[in-house]
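For reference, the chains in residue letters:
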Amino acid sequence: MFELQHTDHPIVQRPRITVVGVGYLGATHAVCMAKLGFDVLGVDVDEAKIAELRSGRVPFFEPGLPEQLGEMLATGRLTFTTDLDEAARFGDVHFICVGTPQAEGSDAADLTFVDAAFDALVRRIDRKALLVGKSTVPVGTAERLTRMIAGRSPIGDELELAWNPEFLREGFAVEDTLHPDRLVFGVASEWAAGQLRALYRPLLERGTPLVVTDLATAELVKVAANSFLATKISYINAMAEVCEATGADVNRLAEALAFDDRIGGRFLKPGLGFGGGCLPKDIRAFMHRADELGVGQAVEFLREVDDINTRRRVRTVDLIRESAGGDLRGARVAALGAAFKPNSDDVRDAPALDVARMLYLEGAEVRIYDPEANENAHRAYPDLEFADSMDEALQDADVVALLTEWDEFTDADPEAVGARVGARRIVDGRDALDADAYRAAGWEVRALGRPGRRARVPARS
Ligand code: UGA
């Protein structure tokens, strides 16, 4: 354990907070810190985003967040700006929540936004303050930023850095922020730890577990957690591949495994696999960073995790092609879902959209419908065709593909769905449908990792 440095600076009991970068993570964090009673200034270089937030609109789909934003704006505790000078004057604690996407043409994380945000603040802050990184970064970034701060800050080491990773899930952002499984403080001094304790007091008083550690460990906790989750998903999807070769049922397998507390059932849901703005790019950036550190072998298994995940998409296209009679050219496919998961309009690395793209490239006439993500998906793939409703997507389809398990799709009545389509053939890419109910309504059902009607167990040689 590292030595905490002692400091004469008192802990500010009611620090004023800035949140720099008000995307998914930052907007949620700003609203939640205001909810905890702090004065919060949300900061972003994107004027349009700031204008939307100021007027009470959340620029992305997140259940519950618009209501909370409205409430917090009304209290006067939450304001927004594009002015970094104002931010530097305002804050005692500055949370940096900018994105770290995958770099163009590489597995590495692109740290341009992180570096720019720190640089801009560090040059402007002229009184004792704490900078808190929340973005997911390669281990060692905080150490590099600490050196940068020492070199560029007009107040030198009066400006401190801490790392406080965030574990929120899209779709549950507010709930996860206010009721996290744990808090992790990566700090270099007792003062920084005290500041963070004061900020999260209501959560700590409620018994939220806290791990206080050094900066590097805090950075690693986040990527290690996401890598574990990705591995768990790919593990069950690897089992799905084996099930497909034997006629076994991966859903029943997962159900049986989950009874063992050591394994547990969460994140053991087989299907099209993981996507989104976090898991895929985080495991790649982790492999890249480990290579740089000379320990690439230690996380080499993540390459396989990534490959298993990609193969599920290809396998789903195979099932859809089989359903269409072996040739996708001219086949009308209703693609249900585009978002990387339900309750989100996020299409970053979305398995659903990737499958739709592959179908299109093979000559299928794909009609996509997603309850929330049509707009983002259309922006990403302007050539693909989008329907305004589920019924419109289903109309005269030769094959239906369930690609994101929105309730609207999983709750649909097989008979009503069947009344729309040209042929009752469905591929369940999320193992989310009641296959028996569909079969009873005359559907031919194919699903990842589950036996079809004519499951075949190969004879032992
Ligand atoms: C993920 C982590 O779960 C959060 O803890 C983390 O804070 C976040 O990344 C982040 O780094 O910011 P998120 O990307 O919102 O959160 O989505 P998840 O709920 O983790 O789902 C990820 C993907 O895995 C989705 O495409 C989902 O469909 C898929 N998944 C999830 C499965 O295929 N099977 C499962 O059992 C669970």
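This is a predicted model, so every value here is computed, not measured.

Quick notes on the rules
Counting restarts for each chain: residues are numbered from 1 in the order of the written sequence. Since the coordinates come from a predicted model, pLDDT governs what is reported: local features require at least 70, and pairs of side-chain atoms require 80 or more to be given and counted, while whole-chain, interface and lining totals use all residues. Note that the side-chain values use all heavy atoms of the structure and ignore hydrogens as well as water. We count a stretch as a helix when DSSP gives it H or I for four or more residues in a row; a strand needs E for two or more, and each element gets its number in order from the N terminus. Only C-alpha atoms enter the radius of gyration; for comparison, a globular chain is expected to reach 2.2 Å times N to the power 0.38, where N is the number of residues. Throughout this description, buried means an accessible area under 20% of the type-specific maximum (1.4 Å probe, protein chains only), exposed means over 50%, and partly exposed covers the range between. Note on definitions: a residue-residue contact is assigned when non-hydrogen atoms from the two residues lie within 4.5 Å. Residue exposure ignores everything except the shown protein chains as possible cover, and the areas themselves are Shrake-Rupley values with a 1.4 Å probe. Any residue with a heavy atom positioned within 4 Å of a molecule or strand is treated as near that molecule or strand. Polar contacts here mean pairs of N or O atoms no more than 3.5 Å apart (in protein, one a potential hydrogen donor and the other a potential acceptor; neighbouring residues in sequence count only if both atoms are side-chain atoms). Basically, the charged four are Asp, Glu, Lys and Arg, the nonpolar ten are Ala, Val, Leu, Ile, Met, Phe, Trp, Tyr, Cys and Pro, and anything else, Gly included, counts as polar. Throughout, the edges of the domains are those of an automatic or database domain assignment. Two parts placed together each lose some accessible area under a 1.4 Å probe, and adding up what both lose gives the buried area. Whenever a carboxyl oxygen of Asp or Glu lies within 4 Å of a side-chain nitrogen of Lys or Arg, that contact is scored as a salt bridge. By convention, a stacked pair of Phe, Tyr or Trp rings (six-membered ring in the case of Trp) has centres within 6.5 Å and planes under 30 degrees apart, an edge-to-face pair has planes over 60 apart, and any other such pair is tilted. Our definition puts a charge over a ring when NZ of Lys or CZ of Arg is within 6 Å of the ring centre and also within 35 degrees of the ring normal. Think of each axis as a best-fit line through the C-alpha atoms, taken over the contacting stretch in the case of a helix, with angles from 0 to 180 degrees between the N-to-C directions. What sets the label is the angle itself: under 35 degrees gives roughly parallel, over 145 gives roughly antiparallel, 65 to 115 gives roughly perpendicular, and the rest give oblique. Put simply, a crossing is left-handed when the front helix is turned counterclockwise from the back one by less than a right angle, and right-handed when it is turned clockwise.

**Points about the overall build of the protein**
Then step 1. Tallying secondary structure elements over the protein gives 19 helices and 14 strands in all.
Then step 2. Computed over its C-alpha atoms, the radius of gyration of the protein comes to 24 Å, within 12% of the 23 Å expected for a compact globule of 461 residues.
Then step 3. Across its three principal directions, the C-alpha atoms of the protein cover 75 × 55 × 40 Å.
Then step 4. In the protein, which comprises 461 residues, the proportion classed as buried is 53%.
Then step 5. For the protein, contacts bridging at least 24 residues in sequence account for 73% of all contacts bridging at least 6.
Then step 6. Surface exposure of the protein reaches about 20400 Å², of which carbon and sulfur atoms provide 50%.

**Details of the site of the ligand**
Then step 1. Taken together, 21 residues are adjacent to the ligand, and Leu168, Glu170, Lys222, Asn226 and Phe340 come closest.
Then step 2. Note that an oxygen atom of the ligand is positioned 2.8 Å from one of the side-chain N or O atoms of Asn226.
Then step 3. A distance of 3.3 Å separates an oxygen atom of the ligand from a polar atom in the backbone of Leu268.
Then step 4. Burial of the ligand by the protein chains amounts to 89% of its free accessible area of 710 Å².
Then step 5. Contributions of two or more residues to the shell around the ligand are made by α10 (215-246) and α12 (279-292).
Then step 6. Ranked by residue count, the leading element in the shell around the ligand is α10, at 4 residues.
Then step 7. Residue composition of the shell around the ligand, by class: 10 nonpolar, 3 polar and 8 charged.
Then step 8. Two domains each provide a minimum of three residues to the shell around the ligand, namely domain 1 (17-213) and domain 2 (232-447).

**Points about the domain arrangement of the protein**
Then step 1. Domain parsing of the protein yields domain 1 (17-213) and domain 2 (232-447).
Then step 2. Of note, the centres of domain 1 and domain 2, computed from C-alpha atoms alone, are 33 Å apart.
Then step 3. At the interface, 17 residues of domain 1 touch 18 residues of domain 2.
Then step 4. For the domain 1 and domain 2 pair, buried surface summed over both sides reaches about 1400 Å², with 51% attributable to carbon and sulfur atoms.
Then step 5. On the domain 1 side of the contact with domain 2, Phe61, Asp107 and Glu170 bury the most area, a combined 46% of that side's loss.
Then step 6. Applying the counting criterion to the domain 1 and domain 2 interface returns 2 salt bridges.

**A look at the environment of Gly70**
Then step 1. Among the structural elements, Gly70 can be located in helix α3 (residues 65-75).
Then step 2. Taking C-alpha positions, Gly70 is 36 Å from Glu158, a pair spaced 88 residues apart along the chain.

**Brief notes about the packing of aromatic side chains**
Then step 1. The full count for this structure, using the stated rule, is 6 aromatic pairs.
Then step 2. Judged by centre distance (6.2 Å) and plane angle (15 degrees), the ring pair of Phe118 and Trp163 falls under stacked. One end of the pair, Phe118, is in helix α5 (residues 112-124); the other, Trp163, is in strand β6 (residues 159-163), and 45 residues separate them in sequence. In this pair, the class of Phe118 matches that of Trp163, namely buried.
Then step 3. Just above the ring of Trp191 sits the side chain of Lys128; from NZ or CZ to the centre is 4.1 Å.

**Concerning the packing of α12 against helix α13 (residues 301-323)**
Then step 1. Relative orientation of the contacting elements α12 and α13 amounts to 155 degrees, with a least axis distance of 9 Å. Comparing the axis directions of α12 and α13 gives the class roughly antiparallel. Along this stretch, α12 crosses α13, giving a crossing that reads as left-handed. The segment α12 lies against α13, with Ile283, Arg284, Phe286 and Met287 engaging Leu302, Arg303, Val305 and Asp306.

**What about the pattern of salt bridges?**
Then step 1. Per the counting criterion, the structure on display carries 40 salt bridges.
Then step 2. In this structure, Glu362 engages Arg321 in a salt bridge whose closest nitrogen and oxygen atoms are separated by 2.7 Å. Residue Glu362 is found in the loop between α14 (351-361) and β10 (365-369), and its partner Arg321 is found in helix α13; the two are separated by 41 residues along the sequence.
Then step 3. Each of Arg284, Asp306, Arg313, Asp349, Asp354 and Arg357 takes part in one network of salt bridges that share partners.

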